[in-house]
Amino acid sequence: MTTGLLGDLGTTTRMWEQQYDVLEDAVAFDLPGHGTAPVPDGPVGIESIALDVLDAVPGRFTFVGVSIGGCVGIWLGANVPERLERLVLACTGAKLGDRDDYYARATLVREHGTEQLVEGARDRWFTPRFRDDPRAESILDDLRGISRAGYAACAEAVGDWDFREHVRRIAVQTIVVYGREDPVTPPAVREQLAHLPSVVIAGAHLANVESPDEFNHHLRSSA
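What counts and how
- Residues numbered from 1 in each chain as written.
- Predicted model: local features only at pLDDT ≥ 70, side-chain atom pairs only at ≥ 80, totals over all residues.
- Heavy atoms only, no water.
- Helix = DSSP H or I, 4+ residues; strand = E, 2+ residues; numbered from the N terminus.
- Rg over C-alpha atoms; globule rule 2.2 N^0.38 Å.
- Buried < 20%, exposed > 50% of the residue type's maximum accessible area, 1.4 Å probe, protein only.
- Contact = heavy atoms within 4.5 Å.
- Phe/Tyr/Trp six-rings, centres within 6.5 Å; stacked < 30°, edge-to-face > 60°.
- Lys NZ or Arg CZ within 6 Å of the ring centre and 35° of its normal.
- Pairing = 2+ DSSP bridges.

## Observations concerning the overall build of the protein
Here is step 1: Within the protein, the secondary structure is distributed over nine helices and six strands.
Here is step 2: Radius of gyration (C-alpha) of the protein: 16 Å, near the 17 Å computed for a compact globule of 223 residues.
Here is step 3: Seen along its three principal axes, the alpha-carbon backbone of the protein occupies a region of about 40 × 40 × 35 Å.
Here is step 4: Counting over 223 residues, the protein shows a buried share of 59%.
Here is step 5: Put simply, 67% of the contacts in the protein that link residues at least 6 apart link residues at least 24 apart.

Structure representation (structure tokens):
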């Protein structure tokens with residue numbers, strides 16, 4: 001069974017390196033304008049990213065998403081459950097943060113690039129005990145190389161995302177994984193998915209990078 005992997009805003013498929021060994025037939029995707037994915041020539045949305053995933057994976061598949069990748073997973077689970085075997089939603093929600101904040105970040109990146117975001121991302125993505133680890137540094141190096149247009153378009157997609165009225169439509173086996181110290185998913189965000197089975201593991205927003213053994217355990221146990 002194919003497993004599709006989609007990560008966080010500002011990351012590339014590198015963030016999944018510690019998951020590949022525990023998954024069979026894993027396919028990791030880059031967000032628009034991230035990594036090797038083409039730079040979008042206009043706006044993107046969670047739905048359009050989800051449709052690209054569906055086009056890329058034939059038949060039924062398992063989907064694992066972190067943050068914006070998890071938003072895509074929520075959309076898939078609610079709209080095309082017949083295409084999914086199971087769903088792992090990590091460090092995500094039916095609504096993440098404030099729309100104006102994401103749009104302001106998009107404007108900043110269009111004007112000055114992603115280098116301006118590195119230290120803020122370090123604080124969100126990793127705990128103090130991990131943020132200077134070589135694995136963390138490699139993820140942050142990828143952030144520096146994300147295209148301005150790609151990052152900005154995906155930031156606006158997160159800002160526009162609000163699925164709170166529809167989240168109970170998810171109709172596939174699902175587990176939600178949170179990082180214990182994730183500032184992006186405070187209690188109000190976690191409450192949005194409280195009707196779904198969930199676990200909390202060590203780490204911040206990129207808990208799969210910081211705590212791969214715990215994360216991978218739940219990947220296997222939810223199979």
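What follows continues from the structure just given.
## Some details on the packing of aromatic side chains
Here is step 1: Here the structure, examined in full by the defined rule, presents three aromatic pairs.
Here is step 2: Ring centres of Trp125 and Phe126 lie 6.2 Å apart, and the angle between their planes is 85°; on these two criteria the pair is classed as edge-to-face.
Here is step 3: Assessed through its relative accessible area of 2%, Trp125 is described here as buried.
Here is step 4: With relative accessibility at 0%, the residue Phe126 sits in the buried group.
Here is step 5: Where Phe126 meets Phe130, the ring centres are 5.6 Å apart and the plane angle is 50°; that geometry is what we call tilted. Each member of the pair, Phe126 as well as Phe130, carries the same accessibility label: buried.
Here is step 6: Members of the aromatic cluster, joined through ring pairs, are Trp125, Phe126 and Phe130.
Here is step 7: One cation-aromatic arrangement involves Arg99 over Tyr103; the distance from NZ or CZ to the ring centre is 4.1 Å.

## Here we look at the pairing of strand β5 (residues 174-179)
Here is step 1: The buried fraction of β5 amounts to six of the six residues, a majority that puts the element mostly inside the structure.
Here is step 2: Neither face of β5 is exposed, since Thr174, Val176 and Tyr178 on one face and Ile175, Val177 and Gly179 on the opposite face are all buried.
Here is step 3: With four bridges joining them, strand β4 (residues 84-90) and β5 adopt parallel strand pairing. Across the sheet, residue Leu87 finds its bridge partner in β5, namely Thr174.
Here is step 4: Of the strand pairs in this sheet, β5 and strand β6 (residues 198-201) are connected by four bridges, and their pairing is parallel. When the bridges of β6 are listed, Gly179 appears paired with Ile201.

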